[in-house]
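Architecture at a glance
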Amino acid sequence: MSGTMNLKLKVWRQPNSEAKGSFVNYDAANVSPDMSFLEMLDVVNEDLVKKGEDPIHFDHDCREGICGMCSLHINGRPHGPKQAITTCQLHMRSFQDGQTVTIEPWRAKAFPVIKDLAVDRSAFDRIQQTGGFVSVNTGGVPDANAIAIPKPVADEAFNSATCIGCGACVAACKNASAMLFVSAKVSQMALLPQGQPERYRRVQAMVTQMDEEGFGSCTNTGACEAECPKEIKITNIARMNRDFFTAKFFKQEEV
Amino acid sequence: MKLDAKIPEGPLAEKWSKHKFNLKLVNPANKRKYTVIVVGTGLAGSSAAASLAELGYNVKAFCYQDSPRRAHSIAAQGGINAAKNYRNDGDSVYRLFYDTIKGGDYRAREANVYRLAEVSVNIIDQCVAQGVPFAREYGGLLDNRSFGGAQVSRTFYARGQTGQQLLLGAYSALNRQIHEGKVEMFSRHEMLDVVVVDGQAKGVVVRDMVTGEIETHAGHAVLLCTGGYGNVFYLSTNAMGCNVTAAWRAHKRGAYFGNPCFTQIHPTCIPVTGDHQSKLTLMSESLRNDGRVWVPKTKELAEQIRSGKIKASEIKEDDRDYFLERKYPSFGNLVPRDVASRNAKEMVDEGRGVGSSGVAVYLDFADAIQRLGEDAVRAKYGNLFDMYYQITDENPYKEPMRIYPAVHYTMGGLWVDYNLQTTVPGLYALGEANFSDHGANRLGASALMQGLADGYFVIPYTLGDYLATIGPKAVDEKHPAFAETKKAVEDRIKQLLSLKGNKTVDEYHRELGKIMWEYCGMARSEEGLKKAKKMIQELKADFWKNAIVLGKNEEFNQSLEKAGRVADFIELGELMIDDALDRTESCGGHFRIESQTEEGEAKRDDEKYAYVAAWEFKGEGQPEALHKEELKFENVKLTQRSYK
Ligand SMILES: Cc1cc2nc3c(=O)[nH]c(=O)nc-3n(C[C@H](O)[C@H](O)[C@H](O)COP(=O)(O)OP(=O)(O)OC[C@H]3O[C@@H](n4cnc5c(N)ncnc54)[C@H](O)[C@@H]3O)c2cc1C
Ligand code: SF4
Ligand code: FES
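Residues numbered from 1 in each chain as written. Chains lettered and ligands numbered in written order. Predicted model: local features only at pLDDT ≥ 70, side-chain atom pairs only at ≥ 80, totals over all residues. Heavy atoms only, no water.

For the rest of this paragraph, the subject is the overall build of chain B. When helices and strands are tallied, chain B shows 18 helices and 21 strands. Here chain B has a C-alpha radius of gyration of 24 Å; the compact-globule value for 644 residues is 26 Å, and the two agree. In chain B, the proportion of contacts linking residues at least 24 apart, taken out of those at least 6 apart, comes to 75%. Entry remark: accessible area of chain B is about 21,700 Å², with carbon and sulfur atoms responsible for 49%. (Helix = DSSP H or I, 4+ residues; strand = E, 2+ residues; numbered from the N terminus. Rg over C-alpha atoms; globule rule 2.2 N^0.38 Å. Contact = heavy atoms within 4.5 Å. Areas by Shrake-Rupley, 256 points an atom, 1.4 Å probe, with all protein chains shown as cover.)

Written as C-alpha cells, this is what we have:
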C-alpha cells in the first residue's frame with residue numbers, strides 16, 4: 001500500500017436543529033488509504049475529544065453498506081465520489097494527498113438537520129407506514145411453496161427490495177423528491193402476487209403521504225438513480241406513476 | 001432462588017402443543033387493556049411487536065437507530081434454516097433439532113431446540129406471505145443452500161441479504177400496526193434501565209437521544225429484544241451501536257445472565273488492516289459452499305507470500321493444504337464455525353498464515369469459477385465479492401479471498417425459561433439477547449430462525465399466560481420505583497459527564513477488546529483468564545477516573561452514549577471471564593486449552609458441566625453468584641462431536 005495522506009476537511013457543524021450552521025476546517029493527518037471514510041472521521045473525532053472539543057456527529061451503524069444509517073454529502077455528492085456504494089464503504093484510497101474534502105449533511109426540507117451531519121429521516125418511515133406492507137397477520141398463511149413465482153419476476157422484485165432507505169436519492173435531487181425511494185417499495189409489492197390485493201390502495205396512500213411530508217416533485221432528471229448506492233432503477237418510478245394513475249382513474253373501487 | 005426452566009412434561013414432540021393448550025388466554029376484549037413494552041426492533045423485536053399488536057395488545061417499541069428498519073439483523077447475509085424438506089434430502093424437524101443440539105455441543109435445552117425446529121417451517125410461510133423475496137428456482141419455487149454443521153440443504157436465502165429482506169418483512173408488519181395505532185414507535189431512544197415494582201418488571205427508563213430527556217414508560221410486561229454483546233471485543237462483525245446496556249441493566253435488576261462466556265468466533269471475516277480499524281466485515285458462511293479453505297503446505301512458501309514475492313494463484317496444487325478437507329473429509333469446508341475458526345488459528349500459529357500480516361488463510365473460488373462459470377458465481381455471491389473488493393481493493397474472482405476468524409455472535413445472554421421469561425417476572429428476553437437455543441456454538445442460519453421464532457410464534461402464546469395471571473389493572477406510574485429508577489439513571493449520567501480525564505472512551509474500549517480477544521477469545525486458559533480478570537478490574541477503576549466524556553445530557557451527545565455502553569461492557573467482560581474460569585471443560589466455541597482431545601478438538605466434561613451457568617448480580621463490587629440449571633438429555637445421546 002502507498003503511504004499516508006494529509007487532507008483538509010471542511011465540515012458542516014450545527015449544534016442543533018434551531019441553530020445556524022457553518023463550515024469548520026479540520027486537518028486530517030496521516031490518513032491511511034486502507035481506512036474507510038468513517039474511520040478517517042473517527043480518528044479526527046478522537047483528536048477533537050482529546051482536545052476537549054465536541055466530536056463531529058454523524059449517523060452510522062452497520063458500516064457494511066446495508067443498514068442505510070450513514071449519509072454524508074461528500075464533495076457535492078451523496079455517499080461520495082464512487083458509484084454504487086454507501087459512505088461507510090468508501091475508502092480513503094479514493095482520495096489524494098492534499099485534497100480538500102467538503103462534508104455536508106443531506107439537504108432537504110423533509111430531512112431537517114438534528115446536529116452536524118445527522119438528519120431526521122423519519123418521514124421515510126411514515127411513508128412506509130401508510131402502505132408499505134401486505135396485510136397479513138402472523139399465522140394462518142399458506143405454505144411458502146403454494147404460490148410459484150417465476151424467477152425473473154422474483155429477481156426483479158428483489159432488485160427493488162434492496163433499497164436501504166438511506167435518502168441519498170432525495171439528497172441528490174434538486175427538487176428533493178422521494179420518488180425513487182417510494183417507488184422501490186411500490187414496485188416490489190406490485191410485482192409480486194402477494195402485493196396484488198392492495199396494489200392500488202398502497203400506491204395512493206404512499207404517494208399522498210410522500211406529498212404531505214414536503215418532498216418535491218419529480219422532473220425526471222435522473223440524479224437519484226445515478227447516486228443510489230443500491231442502483232435502484234428509475235424504471236421503478238415509471239411503474240409507480242402508471243399504477244398511481246390507474247388507481248386514480250380506473251381502480252377507485254380498489255383504493 | 002431456584003431456577004425453574006418450566007419445561008413441559010411429556011414426549012419431546014408433544015411438549016409445545018400441549019404447553020400451548022395449557023397456557024392461559026387473555027380474552028380478546030381484554031387485550032386492549034394491556035400495554036407491552038418491546039425494546040429492540042430487530043427480527044425478534046419487530047416480529048414480537050407486530051404479532052402482539054395484531055392480537056390486540058397495545059405496544060410501545062423502542063430502538064436506538066433513527067428507524068426500526070436499521071436494527072442489526074439487517075446485516076445478516078447468508079440465510080435462514082427451516083426444516084421444510086423441500087429438497088427431499090432427508091430433512092425433518094427431528095434432524096434440524098438434532099443438528100442444532102449437536103452443533104451446540106450439547107449445551108442447549110432439548111425442549112427449546114425442538115420447539116425452534118418445529119416452528120421453523122411456519123417462519124418461511126409467514127415471510128413469503130409478507131412478500132419477502134427469497135431466492136427462487138426457474139420452476140418458481142423456493143431455492144435452498146447448505147450451511148455448516150448440516151448434511152442437508154435447508155437454508156433459505158435472499159442473495160447475500162437475507163437479514164435485510166427478513167427484517168424489512170417484519171418492519172412492514174410493524175409499520176402496519178403503527179399505522180393502525182396499535183404500536184407506538186420510539187426511534188432514537190436508548191433504554192437505560194428496567195423498572196421493577198414488587199419484584200415484577202413494570203416499565204423502562206429511556207433517554208431520548210436527540211433531546212436528552214429521560215423518560216419513564218410503564219407496561220404490564222417488558223420484552224428485551226436488544227441483540228448480542230459481541231462488541232465487548234471492540235472489533236467484531238456487529239454494528240457499531242450493538243451493546244449490552246439493556247441486558248446488563250436488567251441483569252443488575254435481578255435477571256440472571258446465562259453462559260456469558262459462550263461467544264461465537266466466525267471463521268470467514270476480512271482480516272484486520274490496522275489500528276484505525278473500527279469493525280470487521282463478515283464474509284458469509286454460504287461462501288464455504290463453493291469456496292475452498294487453504295494455506296501453503298510449508299512455512300517457506302507462506303513466507304514468500306507474506307513478503308509479496310509470489311501470489312496465491314501461483315502456488316501449485318500440490319503445495320496447497322486444504323486443511324479442512326484433509327482433516328474432516330465428511331464435512332470438509334462445511335464444518336461448524338468453532339471448528340473452522342480454531343483450525344485457521346492453528347495454521348496461523350504454525351506460521352503458515354498468508355497476507356502481509358500473516359494473520360489470514362485463503363478462501364478460494366477458482367474451482368467453483370471453473371466448474372460453474374464466473375457469472376454463476378456472481379449471481380450467487382456477487383454482493384459479497386463486491387463488498388470484499390471495496391474493502392481490500394483485491395479482486396476475489398482472480399485471487400483467493402484472505403479471511404480470518406472474528407467475533408460474530410454471542411450464544412450467552414439473559415437466562416430465560418421455556419416461556420422466554422427471565423428470572424424477573426414480567427421481563428422477557430428474545431432473540432440474540434437471550435441464551436436459549438444455541439448451546440455453546442450456534443449453527444449458521446439459525447439466529448435469524450430463532451429471532452423470528454421467538455417473536456412470531458413463541459411470545460404471542462407464552463406472554464398471554466403471564467398477562468392473564470396478573471390481570472389488566474393499569475400499571476401505576478406514580479409508584480416510587482419509577483421515580484427512583486429514573487433518578488438512578490440521571491445520577492449515572494451525571495457521573496459519566498463529570499469525567500474529564502485524559503483518555504478517550506474509544507481507547508478504553510480498544511483496550512478492553514484486546515484483553516478479551518487475547519485471553520477470552522479463541523483459546524482460554526486458567527492462567528490467562530486470571531490475569532485478564534485483574535486487568536479488567538484495573539481498567540474499570542481507571543475508566544471511572546480518567547475517561548473523557550464531553551458535552552451535556554440535554555443534547556444529541558454521541559460521546560455520552562458511547563461512554564455508557566463501554567462502562568457496561570467493562571463490567572460484562574469481567575463476568576465473561578468468571579464464567580470462562582468456572583467452566584474448565586471445552587465445549588463448542590469455549591475452548592479451554594487444558595481440555596482437548598489428542599487431535600486438539602474441544603473435549604467436553606459431561607459429568608461435571610452439563611449445565612447452564614446462570615449468574616446472579618449481588619451488588620456493586622460483590623462477586624456474582626453462580627446458579628446451575630442441569631441439562632437433561634432424554635432424546636439424544638451425548639457423544640464427542642465428530643465431523644470427520
Ligand atoms: C454480519 C452478520 C451476519 C449474520 N448473518 C447471519 C445469517 O446469515 N444467518 C443467521 O441466522 N444469523 C446471522 N447473523 C446473526 C443474526 O443476524 C443476529 O443474531 C440476529 O439478527 C439478532 O437479531 P435480534 O432481533 O436478536 O437483535 P438485533 O437485530 O441486533 O436488534 C437489536 C435491537 O435492539 C435495539 N437496542 C439495543 N440496545 C438497545 C437499548 N439499550 N435501547 C434501545 N434499543 C436497543 C436496537 O436498536 C435494535 O433495534 C449475522 C450476524 C452478523 C453480525
Ligand atoms: S432508492 Fe437508493 S438512494 Fe434512495 S433511499 Fe433507497 S437505497 Fe437510498
Ligand atoms: S453504516 Fe450502515 S449503510 Fe453505512
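It is worth spelling out the interface of chain B and chain A at this point. Contacts between chain B and chain A engage 74 residues on the former and 72 residues on the latter. Counting each side, the surface lost to burial between chain B and chain A is near 6,300 Å², with a carbon and sulfur contribution of 52%. Where chain B meets chain A, there are 8 salt bridges. For the pair chain B and chain A, the number of links is 47 residue pairs in polar contact (both at pLDDT 80 or more). The set of elements that each furnish at least two residues to the side of chain B that touches chain A consists of α3 (43–55), α5 (110–130), α6 (162–179), α12 (374–392), α13 (447–470) and α15 (505–520) of chain B. Residue contributions to the side of chain B that touches chain A peak at 9 residues, all from α6(B). The residue makeup of the side of chain B that touches chain A, split by class, is 29 nonpolar, 28 polar and 17 charged. (Buried area = accessible area lost by both parts, 1.4 Å probe. Salt bridge = Lys/Arg side-chain N within 4 Å of Asp/Glu carboxyl O. Polar contact = N/O pair within 3.5 Å; in protein donor to acceptor, adjacent residues only side chain to side chain. Nonpolar A, V, L, I, M, F, W, Y, C, P; charged D, E, K, R; others polar.)

What follows concerns the site of ligand 2. Residue and element names in this part refer to chain A. Close to ligand 2 lie 13 residues, the nearest being C163, C166, G167, C169 and C228. Those elements that place two or more of their residues in the shell around ligand 2 are α4 (168–172) and α5 (179–191). Considered class by class, the residues forming the shell around ligand 2 number 11 nonpolar, 2 polar and no charged. (Near = heavy atom within 4 Å.)

Now for the pattern of salt bridges. Under the defined criterion, the tally for this structure stands at 75 salt bridges over all chains. Of the charged contacts, one joins A:E198 and A:R202 as a salt bridge, the two residues approaching to 3.9 Å between their closest N and O atoms. For the pair A:E198 and A:R202, a shared accessibility class is recorded, and that class is buried. Residue B:D349 is joined to B:K345 by a salt bridge in which the shortest nitrogen-to-oxygen separation is 3.0 Å. A residue pair is termed a helical-turn pair when its members lie 3 or 4 positions apart in one helix, as B:D349 and B:K345 do in helix α10 (residues 337–349) at 4 residues. The exposure class of B:D349 is exposed, given its relative accessible area of 55%. Residue B:K345 is classed as partly exposed on the basis of its relative accessible area, which comes to 25%. Three or more residues joined by partner-sharing salt bridges are found here, namely B:D105, B:R107, B:R583, B:E585, B:R604 and B:D606. (Buried < 20%, exposed > 50% of the residue type's maximum accessible area, 1.4 Å probe, protein only.)

Residue and element names in this part refer to chain A. For chain A, the assigned domains read domain 1 (5–115) and domain 2 (122–254). In this structure, domain 1 and domain 2 have C-alpha centres spaced 30 Å apart. Facing 19 residues of domain 1, the contacting portion of domain 2 comprises 20 residues. Each partner contributes to the roughly 1,400 Å² buried at the junction of domain 1 and domain 2, and carbon and sulfur atoms together form 58% of this total. The interface formed by domain 1 and domain 2 includes 1 salt bridge. A salt bridge links E227 to R77; its shortest N-O distance comes to 3.0 Å. (Domains from an automatic or database assignment.)

The next point concerns the sheet that holds strand β14 (residues 361–364) of chain B. Residue and element names in this part refer to chain B. Across the sheet, which stays open at both edges, the 5 strands sit in the order β11-β15-β14-β12-β13 with antiparallel pairing between neighbours. Since the sheet does not close on itself, it has two edges, and those belong to β11 (263–269) and β13 (320–321), each with one partner. One ladder, built from 2 bridges, connects strand β12 (residues 292–296) with β13; its direction is antiparallel. Bridge pairing in β13 places P296 opposite R320. (Pairing = 2+ DSSP bridges.)

Looking now at the nonpolar core. By size, the foremost hydrophobic cluster in this structure holds 193 residues, and its most contacted members are B:I80, B:F134, B:L223 and B:F543. Counting residues per element, this core draws most heavily on helix α17 (residues 558–582) of chain B, which supplies 12 residues. Dropping the residues within four chain positions of it, B:I80 is found in contact with B:I123, B:I124, B:F134, B:R154, B:T155, B:F156, B:T162, B:L166, B:A445, B:L448, B:M449 and B:L452. Judged by nonpolar contacts, the second largest core, of 37 residues, contains A:F181, A:V203, A:M240 and A:F244. (Core = buried A, V, L, I, M, F, W, Y, C linked by side-chain atoms within 4.5 Å.)

For the rest of this paragraph, the subject is empty space enclosed by the protein. The final tally for this structure, using the stated rule, is 14 cavities of 30 Å³ or more. Taken as a whole, the largest cavity encloses approximately 850 Å³ of empty space. Taken together, 47 residues form the lining of the largest cavity, with B:H72, B:S73, B:G227, B:G228 and B:E432 sitting closest to its centre. Residue assignment for the lining of the largest cavity shows that the elements contributing at least two residues are α3, β6 (189–197), β15 (401–410) and α13 of chain B. Broken down by class, the residue content of the lining of the largest cavity amounts to 20 nonpolar, 21 polar and 6 charged. Here the second largest cavity defines a volume of roughly 230 Å³. Lining the second largest cavity are 19 residues, and of these A:E39, A:H91, B:Q277, B:T281 and B:I391 lie nearest its centre. Counted by class, the lining of the second largest cavity contains 6 nonpolar, 8 polar and 5 charged residues. (1 Å grid on protein atoms, 1.4 Å probe; cavity = no way out; pocket = protein on both sides within 12 Å on 5 of 7 lines; lining within 4 Å. Points joined across faces, edges and corners; volume = space filled by probe spheres on them.)

Attention now moves to helix α8 (residues 299–306) of chain B. Residue and element names in this part refer to chain B. For α8, the set of buried residues is L301, A302 and I305. Along the long axis of α8, the arc covered by the buried residues comes to 100 degrees, so they all point the same way. Along its buried surface, α8 packs onto β12 and β14. (Arc of directions from axis to C-beta.)

Before going further, it helps to examine the side chain of A:R199. All names here are of chain A. Here R199 is to be found in helix α6 (residues 199–212). Overall, R199 belongs to the buried group, its relative accessible area being 19%. Among residues more than four places away in sequence, those in contact with R199 are A190 and D243.

On to the confidence of the model for chain B, then. Scored by pLDDT, chain B has a mean of 96; 100% of the residues are at 70 or more. Prediction confidence for the complex, expressed as pTM and ipTM, is 0.97 and 0.98 respectively. (pLDDT = per-residue confidence, 0-100.)

A few words now on a nonpolar patch on the surface. Together, A:F245, A:F249 and A:F250 make up a nonpolar patch on the protein surface, roughly 390 Å² of accessible area in all. Along the polypeptide, A:F245 turns up in helix α8 (residues 235–249). (Patch = residues over 30% accessible without salt bridge, like charges linked within 9 Å, V, L, I, M, F, W, Y side chains within 5 Å.)

This brings us to the site of ligand 1. Residues and elements named next belong to chain B. Around ligand 1 sit 37 residues in total, of which Q65, S73, G78, M191 and E432 are the nearest. Here T41 contributes a backbone N or O atom positioned 2.8 Å from an oxygen atom of ligand 1. Within the backbone of A44, one N or O atom sits 3.0 Å away from an oxygen atom of ligand 1. Within the complex, the protein chains bury 98% of what would otherwise be the 1,000 Å² of accessible surface of ligand 1. Applying the majority rule of atoms within 2 Å of the grid points places ligand 1 in the largest cavity. (Sits in = over half its atoms within 2 Å of the grid points.)

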